[in-house]
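Reading the structure
This is what each chain is made of:
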Amino acid sequence: ATGFLSDYSNILGNATLANSEDSSGQVFNGGEVDVLGVEFTTDYDLAWRTDWSLRLPVRTAYTYTLARFATSFESAFGPWGTVEVGDRLPYLPEHQISAAVAAETESWSVSVSGVGSTGMRTEAGQGPLDDHSTDEFFVLSGSAELHLGGFGTWYVGVQNIADRRYSVASRPAGFRPALPRTLITGFRDRKSVV
C-alpha cells in the first residue's frame with residue numbers, strides 16, 4: 001500500500017491540439033491544487049509452493065485519487081474555465097482498478113487482464129458527474145506468447161475483447177472514443193528482447 005500527496009502551489013495547463021482548439025502552446029496558471037490518494041497492489045504466484053514448471057501469477061491494483069483546486073479563478077483554458085475552491089481537477093479519475101492472471105512456462109504464456117476506471121470530469125467542477133464527463137469503463141484484454149528458442153517470440157493479443165464503447169476525452173472537438181476491439185500479432189527476434 002502506498003499513500004501520496006502532491007501540493008501544487010502553481011499548477012500549469014498547456015494549450016495543445018490534444019486539449020484545446022488551438023496548438024498555441026500557451027501556458028495557463030491554475031493556482032493551488034492538492035492531490036492526495038492511496039494505491040493498493042498485490043502480486044502473487046498461485047503456484048509458488050508447487051514443484052510445477054508452470055507459474056500462475058495474479059496481479060491487482062487499485063488507486064483512489066482526490067484532486068481539488070485550492071483557489072478560485074477564471075481561466076480561458078477550456079478544461080478549467082470558472083473554478084471555485086473545492087472543484088475537482090479534470091481528467092483525473094477518482095477510482096482506477098486493474099487485474100491480471102496468467103499461466104507461464106519457459107516456452108509459452110497466456111494472460112487475461114482487465115482495466116477499469118470511474119468517469120472523469122472534462123471540466124473543473126463539483127458534485128455528481130454530468131454531461132461534461134467521460135464514461136466509466138471496465139475492459140478485458142488477452143495475450144499469448146510462444147518462445148521459439150533462438151529464433152525469437154511470436155505473440156498475439158486482443159485488446160478490448162468485448163468491444164466496449166466508451167468515451168475517454170472531450171477535447172479538442174467533442175467526445176473521443178476508446179480503442180475498439182483490436183487484434184495485434186507479431187514476431188520479436190531474439191535481439192530485440194531486452
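Residues numbered from 1 in each chain as written. Predicted model: local features only at pLDDT ≥ 70, side-chain atom pairs only at ≥ 80, totals over all residues. Heavy atoms only, no water.

A word on the side chain of T65
Note the following rule: Working definition: helices are DSSP H or I runs of at least four residues, strands are E runs of at least two. Numbering for both runs from the N terminus. Any two residues whose heavy atoms approach within 4.5 Å are treated as being in contact.
As for its placement among the helices and strands, T65 is situated in strand β5 (residues 57–69). Excluding residues that lie within four positions of it along the chain, T65 makes contacts with F4, V35, L36, G37, L92, P93 and E94.

Some thoughts on the layout of surface pockets
Any empty space left between atoms is shown by rolling a water-sized probe over those atoms. To keep it simple, the criterion reads: Here a cavity is any set of points on a 1 Å grid over the protein atoms alone where a 1.4 Å probe fits but cannot get out, and a pocket is any open set with protein on both sides within 12 Å along at least 5 of 7 lines; a residue lines the site when it has an atom within 4 Å of a point. Grid points are joined across faces, edges and corners, and a volume is the space filled by probe spheres set on the points. Only Asp, Glu, Lys and Arg are considered charged in this grouping, and only Ala, Val, Leu, Ile, Met, Phe, Trp, Tyr, Cys and Pro are considered nonpolar; every other residue, Gly among them, is considered polar.
By volume, the largest pocket is sized at about 210 Å³. The wall of the largest pocket is formed by 18 residues, among which R88, E94, R121, G127 and L129 lie closest to the centre. In terms of residue class, the lining of the largest pocket is made up of 7 nonpolar, 7 polar and 4 charged. Taken together, 14 residues form the lining of the second largest pocket, with G142, S143, A144, V156 and G157 sitting closest to its centre. Those elements that place two or more of their residues in the lining of the second largest pocket are β9 (108–117), β10 (137–147) and β11 (152–159). Residue classes in the lining of the second largest pocket are distributed as 6 nonpolar, 7 polar and 1 charged.

Section: the nonpolar core
As a reminder, the rule being used: To define a nonpolar core, start from buried Ala, Val, Leu, Ile, Met, Phe, Trp, Tyr and Cys residues and group those joined through side-chain atoms within 4.5 Å. The buried label goes to any residue with under 20% of its type's maximum accessible area, the exposed label to any with over 50%, and the partly exposed label to all in between, with areas taken from a 1.4 Å probe on protein chains only.
Counting residues in each nonpolar core, the largest one holds 12 residues, listed as I11, F28, V33, V35, A67, F69, F73, F77, W80, V83, L89 and A124. Counting residues per element, the ones that place at least two in this core are β4 (33–45) and β5. Discounting residues that sit within four places of it in the chain, V35 has contacts with F4, L5, S6, Y8, T65, L66, A67 and L92.

Section: the pairing of β4
We count it as follows: By definition, two strands form a pair when at least two bridges between them are found by DSSP.
Relative to β4, strand β1 (residues 2–8) runs antiparallel, the two sharing 7 bridges. Residue pairing across strands places D7 opposite D34, the latter belonging to β4.

Description of the sheet that holds strand β8 (residues 95–104)
For clarity, the cut-off: An axis is simply a line fitted to the C-alpha atoms; with a helix, the fit covers only the stretch in contact. Between two such axes, the angle follows the N-to-C directions and lies from 0 to 180 degrees.
With antiparallel pairing, 8 strands are arranged side by side in an open sheet as β1-β4-β5-β8-β9-β10-β11-β14. Of all strands in the sheet, those bounded by a partner on one side alone are β1 and β14 (182–189). Each adjacent strand pair in this sheet contributes to an overall mean axis angle of 15°, direction not counted.

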